[in-house]
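For reference, the chains in residue letters:
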Amino acid sequence: RVAVMEEGEVVETGTVLDVFTNPQTKTTYNFVKSIIRDGIPKYVYKDLASEEYKGRVFQFKFLGVSSGKPVISQIAKQFNVEVNVLLANVIELGDIPFGNLLLELTGSQHEMERALQFAADQEVMMKEVTKDGSRIRYYPKRNLGNVVHG
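This text gives an overview of the structure that appears in the document. Throughout this description, residue numbers start from 1 for each chain and increase along the sequence as written. In keeping with the predicted nature of the model, local features appear solely for residues at pLDDT of at least 70, side-chain atom pairs appear and are counted solely at 80 or more, and the whole-chain, interface and lining totals rest on all residues. Hydrogens are left out, water is left out, and the side-chain values use all remaining heavy atoms of the structure.

## Let's talk about the packing of helix H4 (residues 71-78) against helix H5 (residues 109-121)
Relative orientation and spacing of two packed helices are given, respectively, by the angle between their axes and the distance between those axes.
Then, in step 1: Every axis in this analysis is a line fitted to C-alpha atoms, fitted for helices over the stretch in contact. Angles between the N-to-C directions lie between 0 and 180 degrees. Secondary structure follows DSSP: runs of H or I at least 4 residues long count as helices, runs of E at least 2 residues long count as strands, and numbering of each begins at the N terminus. The N-to-C vectors of H4 and H5 enclose an angle of 150°; their axes lie 10 Å apart at closest approach. Between H4 and H5, the angle is such that the two are roughly antiparallel. The two elements H4 and H5 cross, and the hand of that crossing is right-handed. Every residue of H5 that contacts H4 at Val71, Gln74, Ile75 and Gln78 is listed here: Ala115, Phe118 and Ala119.
Then, in step 2: The residue classification treats Ala, Val, Leu, Ile, Met, Phe, Trp, Tyr, Cys and Pro as nonpolar and Asp, Glu, Lys and Arg as charged. All others, Gly included, are polar. Taken together, the residues of the contact of H4 with H5 sort by class into five nonpolar, two polar and no charged. Our angle categories are set so that under 35 degrees counts as roughly parallel, over 145 as roughly antiparallel, 65 to 115 as roughly perpendicular, and the remainder as oblique. It is the rotation of the near helix from the far one that decides the hand of a crossing: anticlockwise by less than a right angle makes it left-handed, clockwise makes it right-handed. A contact between two residues is defined here by any heavy atoms of the two lying within 4.5 Å.

## With respect to the environment of Ser108
Then, in step 1: Mapped onto the elements, Ser108 comes out in the loop between strand E5 (96-107) and H5.
Then, in step 2: You can call Ser108 partly exposed: its relative accessible area is 37%.
Then, in step 3: Counting along the chain gives 23 residues from Ser108 to Lys131, while the straight-line C-alpha distance between them is 19 Å. Burial classes follow relative accessibility: with a 1.4 Å probe on protein chains only, a residue under 20% of its type's maximum area counts as buried, one over 50% as exposed, and anything between as partly exposed.

Shown next, in the form of structure tokens:
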């Protein structure tokens, strides 16, 4: 377990994996962001805001077992969608691999939904990136052990 402190006070506790993959406080988020580069490049928002843009952008997070599976390759082969890797980062949290990818998917709505469900079935966490800068939680929700203090 780890604890995050701010001005001498514990603000969040949890497992390393839970705290790093889903920070619950602004302090923890800022700390994690300094280590795990998962920011969305400005050009992505510009593309998403364009009337001509046809794709959708997702942040995929791979943890442990899912990080060793060829999920992206399988999506490209099994579904009628194009996959474009916009950003990728893989680190180890303790001894657990953690991958963070920003992917652009293009194709029919039906095929994209099938591909996303496939990824969810492989225990990949995903959020859709939208033109207004929000990230919509998409698939699947994890039960986290983080505790916010204060």
